[in-house]
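If you want the building blocks of each chain, they are given just below.
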Amino acid sequence: MFEHSLWVEARADARPSSGDRHADLMAVVREASPEEQLDLIRAHPELAGKAAVDGSLTEASAAEQASAGLDRLTQAEFDRFHALNAAYRARFGFPFIICVRRTDKAGILAAMERRLANDRATEIATALDEIGEIVRLRLEATT
């Protein structure tokens, strides 16, 4: 459910269940240390980034990026994603996270540009919220 972060599910499994798997998982994320939260965010790939190009995305991430058309970018679109990814990572120290299943290429690019104006604390909170939405959709797909 979480990119290269099995600790979230393991901790949720070690606790009493509320009956709401998503809520249980996100409670673990919210209670994690700031360093663990950053590690979780940093475990996500950049959109249309190196992992997409070299084929090392997880199966779930590859399907999600393809659903937004990120596997079919023009050179100009690819260059724009690359520039925004670099600017975002330089500003915040982690990759831009958005639930791509809820938008398209244009929406993602607009969100990247808009969110570059945020402060770091806002972006950490936003990234965790977006991860929550990604996990919600992944859970729904498995039920």
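From a predicted model like this one, the values you see are computed outputs, not experimental measurements.

Regarding the packing of helix 3 (residues 34–42) against helix 8 (residues 120–142)
Alright, step 1. Direction vectors running N to C along helix 3 and helix 8 enclose 65°, while the axes themselves pass 10 Å from each other. Note that helix 3 runs across helix 8; the crossing there is left-handed. Residues Gln37, Leu38, Leu40, Ile41 and Arg42 of helix 3 form the contact with helix 8, whose participating residues are Arg120, Ile124, Ala127, Leu128 and Ile131.
Alright, step 2. Considering only residue class, the contact of helix 3 with helix 8 consists of seven nonpolar, one polar and two charged.

Concerning the environment of Leu40
Alright, step 1. In this structure, Leu40 sits in helix 3.
Alright, step 2. Note on Leu40: relative accessible area 0%, which makes it buried.
Alright, step 3. With near-sequence residues (within four places) excluded, Leu40 lies in contact with Phe2, Ser5, Trp7, Val8, Val29, Leu128 and Ile131.

Some thoughts on the pattern of salt bridges
Alright, step 1. Taken as a whole and judged by the stated rule, the model has 12 salt bridges.
Alright, step 2. For Arg102, the salt bridge goes to Glu133, with nearest N and O atoms at 3.8 Å. Pair noted here: Arg102 is in the loop between helix 6 (75–92) and helix 7 (105–115) and Glu133 is in helix 8, with a separation of 31 residues, a long-range link.
Alright, step 3. On the basis of relative accessibility, which here comes to 48%, the residue Arg102 falls in the partly exposed class.
Alright, step 4. Glu133 sits in the partly exposed class, given a relative accessible area of 22%.
Alright, step 5. Through salt bridges with shared partners, one network takes in Arg102, Glu130, Glu133 and Arg136.

The rules behind the values
Residue positions are counted from 1 within each chain, in the order its sequence is given. Reporting in this predicted model follows two pLDDT cut-offs: at least 70 for local features of residues, and 80 or more for side-chain atom pairs to be given and counted; totals over whole chains, interfaces and linings ignore these cut-offs and use all residues. Derived side-chain values reflect all non-hydrogen atoms in the structure, with water molecules and hydrogen atoms excluded from consideration. Simply put, an axis is a line fit to the C-alpha atoms, just over the touching stretch for a helix, and the angle between two N-to-C directions goes from 0 to 180 degrees. What counts as a helix is a DSSP run of H or I of at least four residues, what counts as a strand is a run of E of at least two, and both are numbered from the N terminus. When the near helix sits turned anticlockwise from the far one by under a right angle, the crossing is termed left-handed; a clockwise turn instead gives a right-handed crossing. Contacts: residue pairs with any heavy atoms within 4.5 Å of one another. Three classes are used, and their members are as follows: Ala, Val, Leu, Ile, Met, Phe, Trp, Tyr, Cys and Pro are nonpolar, Asp, Glu, Lys and Arg are charged, and the others, Gly among them, are polar. Accessible area is worked out with a 1.4 Å probe on protein chains only. A residue is then buried under 20% of its type maximum, exposed over 50%, and partly exposed in between. Basic side-chain nitrogens of Lys or Arg form a salt bridge, by our definition, when they fall within 4 Å of a carboxyl oxygen of Asp or Glu.

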